[in-house]
Amino acid sequence: MIGAALAAGTVVATGTGVQAFTGDPSPAHRTVSRQPVMRTLTPQVRAQLDRAVQHVLRTTHTPGVTVGLWAPGKGSYVRAFGTADKATKQPMSPGFNMRIGSVTKTFTVTALLRLVDHRQVSLDDPIAKYVRGVPNGRHITLRHLAEMRSGLFNALNDEDLAKTFLADTSRTFTDKELLAYAFKHPVAFPAGSQYQYSNTNTILLSMVVEKVTGQPFDRYLTRHVLKPAHLKHTFMPKGAEFPAPHAHGYTDQASNDGSITDATNWAPPGGASGVMISNLNDLRSWASTLADGTLLSRATQAERLKMLPTGREGLSYGLGIFDNHGWIGHNGSLPGYQTVMVHLPKAKATLVVHTTSDVNVDGKSLTTKFAKAVTDIVTPRNVYDIPTS
């Protein structure tokens, strides 16, 4: 239902990857122990990637997908397959603006960490210092929120919120309204004791930024994160606005029978937890900025990259960022769209995938399927694959 997908393609809500593509694997592909960190993107390898991506596109019935892979000295692979609009049959393009779901969290937490660097907040401050009425707020720290260890209920999984939103998909929700849905539910565990993904955490962190700076969150984000990172096509919409050119997005969340709806002009709730818009090239740049800590001090970047276990093999979570078998970054899902944006430091490689559907197949997210198909070929020692819960 809508709550799971509005959890913004989280490492909790999305599933595992598809089986490795088996159409014409090379001997080098099969012999992982003899592989370099990353294969060179020769014409032959790019052709193999074409077949793998098209195989996933076809077998999952995904309307459209864009894939970008870049690595110094290894070349690049930028492709778009399928259609951007089922009605007009417009083809997909790598230049489209896309809704990026929970990749938004990497920006929100970076905004908070900029305040940490300026000594305006401490990661060990309790959230109660900034926001009143948070259950267990005297014991939940900003660090707990950023690392998904607060125990607070995920607002976007509340059934009443889902019903209200589906009744009017153009309606916008304030942060306080979203928190009210979350705070109806009990805290799941003592702060810091375990991992549980919750959009409520990031919504609260954006409210901390507003409280401390006296600015609307989107304004602070633009001035202190997006502009310094030189991102010209990335922003946080206030409602359903979606600048052209963009692809249409399709979802099954408006019905109980699996029928598909065009969700392009929906205004999904979530705020700073998962509503930003970006494009392939901006996310390519942001992935390396995020991984390298360009906007932060070394000490604060080290805090961000302290990855803690999630309870799933090969997957750990830091401060608004995960490590998936060596790939660090984030994924995202919301009605009509899924994104994954990750960077492999030891190869300086970046992978970005966008899909025009959030309809998981056999309980598995589309972006995980595509990212696994790509990395199984090019980085067989580091295969992106979010485990099943």
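My aim in this report is to walk through the structure given alongside it, one point at a time. The residue count restarts for each chain, going from 1 along the sequence in the order it is written. Totals for whole chains, interfaces and linings use all residues, but because this is a predicted model, local features are given only for residues with pLDDT of at least 70 and pairs of side-chain atoms are given and counted only at 80 or more. The basis for the side-chain values is all heavy atoms of the structure; hydrogens and waters are excluded.

## So, the overall build of the protein
Move 1: Comment: elements are numbered from the N terminus, with helices defined as DSSP H or I runs of at least four residues and strands as E runs of at least two. Regarding its fold elements, the protein presents twelve helices and 13 strands.
Move 2: Relative to the compact-globule value of 21 Å for 389 residues, the protein shows a C-alpha radius of gyration of 20 Å, a close match.
Move 3: By its C-alpha atoms, the protein is 60 × 45 × 35 Å across when sized along the principal axes.
Move 4: Burial analysis of the protein (389 residues in total) assigns 59% to the buried set.
Move 5: All accessible areas in this document rest on Shrake-Rupley with a 1.4 Å probe, and a residue is counted as covered only by the protein chains that are shown. Only carbon and sulfur atoms are counted for the fraction: they give 50% of the accessible area of the protein, which is about 15000 Å².
Move 6: Note on charges: Lys and Arg go in the positive column, Asp and Glu in the negative column, and His and the chain ends are not counted at all. The location of each charge is read from NZ of Lys, CZ of Arg, CG of Asp or CD of Glu. Side chains of the protein give 40 positive and 28 negative charges; the mean places of these two sets differ by 7 Å. Only the C-alpha atoms count toward the radius of gyration. The rule for a globule is 2.2 Å times the residue count to the power 0.38. The cut-offs for exposure are 20% and 50% of the maximum accessible area for each residue type, with area from a 1.4 Å probe on protein chains only; residues under the lower value are buried, those over the upper are exposed, and the others partly exposed.

## Describing the environment of Phe189
Move 1: Within the element layout of this structure, Phe189 appears in the loop between helix 7 (175–183) and helix 8 (199–213).
Move 2: For Phe189, a relative accessible area of 6% translates into the label buried.
Move 3: Sequence separation between Phe189 and Phe165 is 24 residues; the distance between their C-alpha atoms is 28 Å.
Move 4: Whether two residues are in contact is decided by their heavy atoms: any pair within 4.5 Å suffices. Among residues more than four places away in sequence, those in contact with Phe189 are Arg149, Ser150, Gly151, Gln194, Tyr195 and Gln196.

## Some points on the pairing of strand 8 (residues 308–312)
Move 1: By definition, two strands form a pair when at least two bridges between them are found by DSSP. By the bridge criterion, three bridges tie strand 8 to strand 9 (residues 315–317) in an arrangement that is antiparallel. Its bridge partner being in strand 9, Pro309 is matched across the sheet by Ser316.
Move 2: Linkage of strand 8 to strand 9, two consecutive antiparallel strands, is achieved through a turn of two residues, within which Gly314 is found at a positive phi near 80°.

## Describing the packing of helix 4 (residues 104–117) against helix 8
Move 1: Fitted lines through C-alpha atoms give the axes, limited to the stretch in contact for helices. The angle between two N-to-C directions lies from 0 to 180 degrees. At a closest axis distance of 10 Å, the pairing of helix 4 and helix 8 adopts a crossing angle of 40°. The hand of the helix 4/helix 8 crossing is left-handed. Across the interface between the two elements, Lys105, Thr108, Val109, Ala111, Leu112 and Leu115 of helix 4 pack against Asn199, Thr202, Leu205, Ser206, Val208, Val209, Val212 and Thr213 of helix 8. Left-handed describes a crossing in which the near helix is turned anticlockwise from the far one by less than a right angle; the clockwise case is right-handed.

## Considering helix 3 (residues 43–60)
Move 1: Take the residue count of a helix, subtract one, and multiply by 1.5 Å to get its expected span. A rise of 1.5 Å per residue sets the reference length of helix 3, with its 18 residues, at 26 Å; its end C-alpha atoms lie 26 Å apart and thus fit the reference within 8%.
Move 2: Those residues of helix 3 that fall on the buried side of the exposure criterion are Val45, Gln48, Leu49, Asp50, Ala52, Val53, Val56, Leu57 and Thr60.
Move 3: Downstream of helix 3 by a residue or two, His61 has a phi angle that is positive, lying close to 60°.

## Here we look at the sheet that holds strand 1 (residues 64–71)
Move 1: Taking strand neighbours across the sheet as the criterion, the nine strands line up as 3-2-1-13-12-11-10-9-8 in an open arrangement whose pairing is antiparallel. Looking at which strands have only one partner, the edges of the open sheet turn out to be strand 3 (90–91) and strand 8.
Move 2: Where strand 12 (residues 337–344) lies against strand 13 (residues 349–355), seven bridges are found, and the strand directions are antiparallel. Directly across from Val342, in strand 13, lies its bridge partner Leu351.
Move 3: Relative to the sheet, helix 10 (residues 280–292) contacts strand 1, strand 2 (75–85), strand 11 (327–334), strand 12 and strand 13, its axis offset from that of strand 12 by approximately 45°.

## Some points on the environment of Ser316
Move 1: Relative to the elements of secondary structure, Ser316 occurs in strand 9.
Move 2: As for Ser316 and Glu147, which are separated by 169 residues in sequence, their C-alpha atoms are 9.9 Å apart.
Move 3: Ignoring any residue separated from it by four or fewer positions in sequence, one finds Ser316 in contact with Met307, Leu308, Pro309, Thr310, Ile321, Phe322 and Asp323.

## Topic: the packing of aromatic side chains
Move 1: In summary, the pairing rule links any two rings of Phe, Tyr or Trp, Trp by its six-membered ring, whose centres are within 6.5 Å, and it sorts them by plane angle into stacked for under 30 degrees, edge-to-face for over 60 and tilted for everything else. For the coordinates displayed, the defined rule picks out seven aromatic pairs.
Move 2: Where Tyr195 meets Tyr317, the ring centres are 5.6 Å apart and the plane angle is 50°; that geometry is what we call tilted. In this pair, Tyr195 sits in the loop between helix 7 and helix 8 while Tyr317 sits in strand 9, placing the two residues 122 residues apart along the sequence. The pair Tyr195 / Tyr317 is uniform in exposure class, with both members buried.
Move 3: Each ring, one from Tyr197 and one from Tyr317, has its centre 6.4 Å from the other, and the planes form 90°; the classification is edge-to-face. Within this pair, whereas Tyr197 is found in the loop between helix 7 and helix 8, its partner Tyr317 is found in strand 9, the two being separated by 120 residues in sequence.
Move 4: Classification of Tyr317 as buried rests on a relative accessible area of 1%.
Move 5: Here a set of aromatic residues connected by ring pairs shows up, and it is made of Tyr195, Tyr197 and Tyr317.
Move 6: Geometry around Tyr250 places Lys86 over its ring, the cationic atom sitting 4.6 Å from the centre. Throughout this description, the term charge over a ring refers to an Arg CZ or Lys NZ atom that lies within 6 Å of the ring centre and within 35 degrees of the ring normal.

## Focus on the pattern of salt bridges
Move 1: Any Lys or Arg side-chain nitrogen located within 4 Å of an Asp or Glu carboxyl oxygen qualifies as a salt bridge. With the rule as written, the count across this model stands at nine salt bridges.
Move 2: A salt bridge links Glu177 to Arg171; the nearest nitrogen and oxygen atoms lie 3.5 Å apart.
Move 3: When its relative accessible area of 30% is taken as the criterion, Arg171 is described as partly exposed.
Move 4: Taken together, the salt bridges that share partners define one network made up of Asp124, Arg143, Glu303 and Lys306.

Structural measurements only, silent on function.
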